[in-house]
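A closer look at the structure
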Amino acid sequence: MFIIGDHIIYSAHGLCRIDDIRDETVSGVTKKYYKLHPLENTRVTISTPVDNEKVVMLKLLQKEEALEIIETFKQPGAEWDNQPNSRLKQYSQLINTGDRMQIAKVINTLMRKKFESQLEKKTFYERDYRLLNNTQIILFQELARSLDTSFEEINKMINDIIKPIPAG
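Going along each chain's sequence as written, the residues are numbered from 1 onward. Per-residue local features of the predicted model are confined to residues with pLDDT of at least 70, and side-chain atom pairs are confined, for both listing and counting, to 80 or more; whole-chain, interface and lining totals are unaffected and use all residues. Computation of side-chain values: all heavy atoms of the structure, hydrogens and water removed.

Observations regarding the layout of surface pockets
By volume, the largest pocket is sized at about 420 Å³. Cavity and pocket criteria rest on a 1 Å grid covering protein atoms alone: a 1.4 Å probe that fits but cannot get out defines a cavity, protein on both sides within 12 Å along at least 5 of 7 lines defines an open pocket, and an atom within 4 Å of a point defines a lining residue. Ser11, Ala12, Ile95, Asn96 and Ile138 are, among the 19 residues lining the largest pocket, the residues nearest its centre. Looking at the lining of the largest pocket, the elements that each hand over two or more residues are α2 (84-96), α3 (100-119) and α4 (126-146). No other element matches α4, which puts 6 residues into the lining of the largest pocket. Gly counts as polar in this scheme, as do all residues outside two lists: the nonpolar Ala, Val, Leu, Ile, Met, Phe, Trp, Tyr, Cys and Pro, and the charged Asp, Glu, Lys and Arg. Here the residues of the lining of the largest pocket sort into 10 nonpolar, 6 polar and 3 charged. Grid points are joined across faces, edges and corners, and a volume is the space filled by probe spheres set on the points. Numbering goes from the N terminus for both helices and strands, where a helix is a DSSP run of H or I of at least four residues and a strand is a run of E of at least two.

Focus on α3
Multiplying 1.5 Å by the residue count of a helix minus one yields the expected span of that helix. Under the 1.5 Å per step criterion, the end-to-end length of α3 is 28 Å for 20 residues, consistent within 8% with the ideal 28 Å. Within α3 the residues assigned to the buried category are Arg100, Ile103, Ala104, Val106, Ile107, Asn108, Thr109, Leu110, Met111, Phe115 and Ser117. We call two residues in contact whenever any of their non-hydrogen atoms come within 4.5 Å of each other. Residues of α3 that are buried sit in contact with β1 (7-10), β5 (57-59), α1 (63-72), α2, α4 and α5 (151-162). Two N or O atoms count as a polar contact when they lie within 3.5 Å, although within protein this holds only if one can serve as hydrogen donor and the other as acceptor, and sequence-adjacent residues are included solely when both atoms are side-chain atoms. Of the residues that open α3, the one with a side-chain oxygen 2.9 Å from the backbone nitrogen of Met101 is Asp99. Phi turns positive one or two residues past the end of α3, at Lys121, with a value near 55 degrees. Here's how the labels work: a residue is buried when its accessible area is under 20% of the maximum for its type, exposed when over 50%, partly exposed in between, all with a 1.4 Å probe on protein chains only.

As for the side chain of Asp81
Along the chain, the position of Asp81 falls in the loop between α1 and α2. Arg87 provides the closest opposite charge to the buried, unpaired Asp81, separated from it by 5.7 Å. Here the side chain of Asp81 touches Gln83 through a polar contact of 2.8 Å, landing on its backbone nitrogen. Aside from chain neighbours lying at most four places away, what touches Asp81 is Ser86, Arg87 and Gln90. Only four residue types enter the tally: Lys and Arg on the positive side, Asp and Glu on the negative side; His and the chain ends are excluded. Put simply, a salt bridge is a Lys or Arg side-chain nitrogen that is within 4 Å of an Asp or Glu carboxyl oxygen.

A look at the pattern of salt bridges
Where charged atoms from two side chains of opposite charge approach closely, those side chains can pair. Applying the stated criterion across every chain yields a total of 13 salt bridges. The partner of Glu71 in a salt bridge is Lys74, and the shortest N-O contact between them spans 3.1 Å. With a shortest N-O distance of 2.5 Å, Arg100 and Glu142 are connected by a salt bridge. Of the two residues, Arg100 sits in helix α3 while Glu142 sits in helix α4, which places them 42 residues apart along the sequence. One continuous salt-bridge network, built from bridges that share partners, spans Asp20, Arg22, Glu24 and Lys35.

Structural notes on the side chain of Lys35
As for its placement among the helices and strands, Lys35 is situated in strand β3 (residues 29-38). Residue classification places Lys35 among the buried positions, given a relative accessible area of 12%. For Lys35, the contacting residues outside a window of four places in its chain are Arg17, Ile18, Asp19, Asp20, Arg22, Glu24, Ile46 and Ser47.

Re the sheet that holds strand β2 (residues 14-26)
Pairing between the strands of a sheet is mediated by backbone hydrogen bonds and can be parallel or antiparallel. The strand order across the open sheet built from 5 strands is β4-β3-β2-β1-β5, with neighbouring strands paired in antiparallel fashion. In this open sheet, the two strands that pair with only one neighbour each are β4 (46-49) and β5. Averaged over all adjacent pairs, the angle separating strand axes in this sheet is 45 degrees, with direction ignored. When DSSP finds at least two bridges between two strands, those strands are taken to pair. Examined bridge by bridge, β3 and β4 share 4 bridges and lie antiparallel to one another. Looking at the pairing, Tyr33 lines up with Pro49 of β4. Structural elements are reduced to axes, namely lines fitted to C-alpha atoms, with helices fitted over the stretch in contact, and the angle between N-to-C directions of any two is expressed from 0 to 180 degrees.

Encoded structure:
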């Protein structure tokens, strides 16, 4: 169980802070609820039961774990499936596990394919772009928080690792 003040990763909302834990009654059932808000949008308040198994709530990475994840971008990412529907399903399943190493592999692959598409002046699938963008924001924000730096610094660091050098 988390405590008030903890920073966590909460499903699609990403980096959040737990503001309160209190009993609430919904449909005649009283349970403990987390009250939290995304750090990127303090106007949004999320209320979720402490025992909610439908959402992923994770402790933030430790510094050593964050550095290990950044190192994985030096290696090939997840396997590429040429079938867009199958690829989306496969990558979504990996992301939904909450395993940051698997998430990093998916981001790694999608970033490399995006750069490849740009170099070859080809279209990068919109659904791949959306999956990359949403997932990358959440992971890079968490890495930045764990390493006491900015999202922009993490983004630059990882782009420098994987971005191909154009042939001159």
